[in-house]
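Here is how the chains run, residue by residue.
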Amino acid sequence: MDLDAIREYSALHAKPSGLVLQYGTAGFRTKAEHLDHVMFRMGLLAVLRSKQTKSTIGVMVTASHNPEEDNGVKLVDPLGEMLAPSWEEHATCLANAEEHEMPRVLMDISVKAAVNLHQDAFVVIGRDTRPSSEKLSQSVIDGVTVLGGQFHDYGLLTTPQLHYMVYCRNTSGQYGKATIEGYYEKLSKAFMELTKQAFCSGDEYRSLKVDCANGIGALKLREMEHYISQGLSVQLFNDGTKGKLNHLCGADFVKSHQKPPQGMEMKSNERCCSFDGDADRIVYYYLDVDGHFHLIDGDKIATLISSFLKELLLEIGESLNIGVVQTAYANGSSTRYLEEVMKVSVYCTKTGVKHLHHKAQEFDIGVYFEANGHGTVLFSKAAETKIKQLAKELEDKKREAAKMLENVIDLFNQAAGDAISDMLVIEAILILKGLTVQQWDALYTDLPNRQLKVKVADRQVISTTDAERQVVTPPGLQEAINDLVKKYKLSRAFVRPSGTEDIVRVYAEADSQVSWGSAIEKMCSESLTTWVVGLVAGEKNYFNSVAVSLIIKGLMSDLFMQIFRFILILQNYFHQ
Ligand code: 16G
Ligand code: MG
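Note that the structure is predicted; figures quoted are calculated from it, not measured.

Rules behind the numbers
- Residues numbered from 1 in each chain as written.
- Chains lettered and ligands numbered in written order.
- Predicted model: local features only at pLDDT ≥ 70, side-chain atom pairs only at ≥ 80, totals over all residues.
- Heavy atoms only, no water.
- Donors = N, O, S within 2.8 Å, 3.2 Å for Na, K, Ca; no water.
- Buried < 20%, exposed > 50% of the residue type's maximum accessible area, 1.4 Å probe, protein only.
- pLDDT = per-residue confidence, 0-100.
- Contact = heavy atoms within 4.5 Å.
- Near = heavy atom within 4 Å.
- Polar contact = N/O pair within 3.5 Å; in protein donor to acceptor, adjacent residues only side chain to side chain.
- Areas by Shrake-Rupley, 256 points an atom, 1.4 Å probe, with all protein chains shown as cover.
- Salt bridge = Lys/Arg side-chain N within 4 Å of Asp/Glu carboxyl O.
- Helix = DSSP H or I, 4+ residues; strand = E, 2+ residues; numbered from the N terminus.
- Expected span 1.5 Å × (residues − 1).
- Pairing = 2+ DSSP bridges.
- Axes fitted to C-alpha atoms, helices over the stretch in contact; angles between N-to-C directions.
- Parallel < 35°, antiparallel > 145°, perpendicular 65-115°, else oblique.
- Left-handed = near helix turned anticlockwise from the far one by under 90°.

Focus: the coordination of the magnesium ion (ligand 2)
The magnesium ion (ligand 2) binds to the protein through Ser64 (OG), Asp276 (OD), Asp278 (OD) and Asp280 (OD); the donor distances cover 2.0 to 2.2 Å. Read N to C, the donor residues that coordinate the magnesium ion (ligand 2) are spaced as S-x211-D-x1-D-x1-D. Across this residue pair, the class does not change: Asp276 and Asp280 are buried.

Quick look at the confidence of the model for the chain
For the chain, the average pLDDT comes to 88, and 88% of its residues sit at 70 or higher. Predicted confidence for residues 515–546 stays below pLDDT 50, and this span has 50 contacts to residues more than four positions away or in other chains. The model gives residues 548–556 a pLDDT under 50, and that stretch makes 18 contacts with residues more than four places away or in other chains.

Examining the site of ligand 1
Around ligand 1 sit 17 residues in total, of which Glu370, Ser498, Gly499, Thr500 and Arg505 are the nearest. Arg496 is positioned such that a nitrogen or oxygen atom in its side chain is 2.7 Å from an oxygen atom of ligand 1. Between Gly499 and ligand 1, the recorded distance is 2.6 Å, taken from a backbone N or O atom to an oxygen atom. Protein burial of ligand 1: of its 450 Å² of free accessible surface, 94% is covered by the chains.

Some points on the pattern of salt bridges
Using the criterion set out here, one finds 27 salt bridges in the structure. For Asp252, the salt bridge identified is with Arg281, shortest N-O distance 2.9 Å. Highlighted residues: Asp252 in helix α10 (residues 251–257) and Arg281 in the loop between β8 (272–275) and β9 (282–287), separated in sequence by 29 residues. Judged by relative accessible area, Asp252 falls into the partly exposed class, the value being 25%. As a salt-bridge pair, Glu362 and Lys359 come within 2.9 Å of each other at their nearest N and O atoms. Classification of Glu362 by relative accessible area gives exposed; the value is 52%. Beyond isolated ion pairs, a larger network of salt bridges with shared partners links Lys209, Lys267 and Glu270.

Some remarks on helix α7 (residues 180–195)
Here α7 spans 23 Å end to end across 16 residues, near enough to the 22 Å set by a 1.5 Å rise per residue. Here α7 has its buried residues at Ile180, Gly182, Tyr183, Tyr184, Lys186, Leu187, Ser188, Ala190, Phe191, Leu194 and Thr195.

Notes on the side chain of Thr195
Along the polypeptide, Thr195 turns up in helix α7. Residues contacting Thr195, with those up to four places away along its chain left out, are Arg206, Ala428 and Ile431.

Some words on the pairing of β8
Burial of the side chains of β8 extends over both faces: Cys272 and Ser274 are buried on one face and Cys273 and Phe275 on the other. Relative to β8, strand β6 (residues 207–211) is paired through 3 bridges, and the arrangement is parallel. Bridging from a neighbouring strand, Val210 pairs with Cys273 of β8. Pairing geometry for β8 and β9, over 4 bridges, is antiparallel. Following the sheet pairing, Phe275 is matched in β9 by Ile282.

Here we look at the environment of Ser334
Considering the arrangement of structural elements, one finds Ser334 in helix α12 (residues 332–341). In this structure Ser334 comes out as buried when scored by relative accessible area, which is 0%. Through-space distance from the C-alpha of Ser334 to that of Leu447 is 9.0 Å; in sequence the pair is 113 residues apart. If near-sequence neighbours (up to four positions away) are discounted, Ser334 is found in contact with Asp299, Gln326 and Tyr444. In terms of polar contacts, Ser334 uses its side chain to reach the backbone carbonyl oxygen of Asn331, at 2.7 Å.

Topic: the packing of helix α2 (residues 36–53) against helix α4 (residues 102–112)
Here α2 crosses α4 at 25°, and the two axes come no closer than 11 Å. Here α2 lies roughly parallel to α4, going by the angle between them. The handedness of the crossing between α2 and α4 is right-handed. The residues of α4 that touch α2, namely those facing Phe40, Arg41, Leu44, Leu45 and Leu48, are Met102, Leu106, Ile109 and Ser110.

Description of the sheet that holds strand β4 (residues 122–127)
Taking strand neighbours across the sheet as the criterion, the 5 strands line up as β1-β3-β2-β4-β5 in an open arrangement whose pairing is mixed. At either end of the open sheet lies a strand with only one pairing partner, and these are β1 (28–31) and β5 (150–156). Neighbour-to-neighbour, the strand axes of the sheet open up by a mean angle of 15°, direction not taken into account. The pairing of β4 with β5 spans 6 bridges and is parallel. By the bridge assignment, Gly126 is partnered in β5 with Gly155.

This is how it looks when you write it as C-alpha cells:
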C-alpha cells in the first residue's frame, strides 16, 4: 500500500472536518456536495473488499428516490448482494476518519479483515442520471486506481443492472453476459418465450404506461424497448427530458402520496406503473371509471407472482417449497391472503432489502417484496437444476409449465429487486392469465393504513425486536401501543427508527369498518385537549401540519386520531 500516494490523492478529495455519515440501509446518502471524500474512500474500500473476496466488487453511485440534489453510494458484494454487515462498519469508519487518520484506518481495516494486499482487485462502477453522479463516480475511480485496483466503468446503469453485472462476472458468465446487451438479451428472450403462446394478445394486455421518475429507468427502458416490442408496447412518461428527478413522480411518490405522478396521462382502467429514481422499485396503479385511484403495491405484486409460481408447481407436480418474505409494512390483508387463501408460508424480516434477500435464500423459491415495491424472487441452485431437468423430461402440459418456470427464473434479476425485470414478469403473468389490472387488484382489499414520520431528538432511543414489530425501549411504549390497537378490529401499529433518515416511522392499519366519519367529532372532544397541549409544547413540525390538514378534510378515522395523540405523547417524551 503506497500510503504517500493515498495521502496525496486523498487531499484532493478532502473530508470536511467534523462531518459524520453512516453507511445506512442502502449505503451513504446525503447532499451531493458532501460526498466527494466518501466516494474516493469507497473506491479504496472496494479494492480491499475485492482483494479479500478475490472477486469483482460493484460500486453504485445513486441516491435512489431521494431528491436530485442528494447523492449516495453503495457497494455490491460478489454475488450481487448488499455489502456484508461487518464491512458496512468498515465503510462507516473509513468515511468518518479525519484526513490525517484515514491511511491508518485503511491499514487497520485491511489487517482486521485479513486482506491479502498482493491479491489483484477488480471493481465495476455504475451511476444514475443525477447531475452530480459523473464527477462523484470519477472520485470512486481515483480511489480504486490509487490502491492499484483495476476497474470497469459501466457509466449510466440502473442499480439492479450493476448488481447483475457483478453477479455475472463472479460466476464466469454462468448467470449471463456482463454487458448491457447481455442483460437485455437475457431478459427479453425469457419474456418473449414466456408470452409467445399466450391466448390474450389484445392491446389492452400488451400496452403499459411507465412513469420513469425522470431517472435512469427511462434511458434503459428506451434502450430495451426494441428487444421486447413484439410482446409489449411501453409508453414512457417522466423520461427526464423535462422534469426533475423524483419530483412529484416515481414509485416512492406514488406509494407515499397514494396518488398518480405528475406528467402521466391516465385514462380509466389503463394499466400504469412507476419506477423509482434508480429503477429498483416498481408499483402499479390505475384509475377506475369513477376516477378513483387504485394503488397496487409490492404486497400485491408478491401475491400475483407467488400464486402464479404455485400454480406452475402444482402443474408439474413438484413440491418445491415457496416462502414469501415481507416486512412489518406489509398490509395485513396481504399476509392473511397469502397464508389463508394461498396457503403459502409467510415470513417477516426487518426493513431493508438485505434482510429480505437473506431470508428468501432459505427456500427453494423465495419471493420477497417490500410494500414499497422493492423485491424479486430467488431460486435455489437445486430448484433451478430440478426445473431445468423437468423441462426436458416431462411431457405436454407439465413440460410446458416446467419451461415457463425455466423462463421465469431467467426473467427475474436474482441479484437484486429490479423494476424492469419485475415489470416484465408481471406483464407476462397478466398476459398469460388474461388478467386485467382490476382483476389483479381485486385479489384482496387492503386494510386502510397510514404511515407517518416523526422528528425526534434521538431516534436511537427506540429499539425494537420481532422484525421491528415490538418496541423494547423506551419502556412503556409497547404497552401504550398494545392498549391502542386492542380497541380496533384487525388493527396493528408499530414504531421504529428509520435506517435512512433521522426520524421515527409510525405505521398503523385497521379494519375498514373503523369509522372514518367521526374524526371531526372526536377532534372537538377529547382529542382536542391533547392536540392543543402538543401544539403549546412547541411541536410545530411537518407531522402536525399533515395532521391538521387531514382533520380538516375529515379523513382521519378513530384509530388514526388515537395514533396522532399517541405520537404527540411520544414527542413530548423525547423533548422532556
Ligand atoms: C432504502 C431501502 C429500502 C427501505 C427504505 C426505507 C434498500 C436497497 N433500500 O431505500 O429497502 O424500505 O430504505 O428504509 O435496502 P427506512 O424505513 O429504514 O428509512
Ligand atoms: Mg431505489
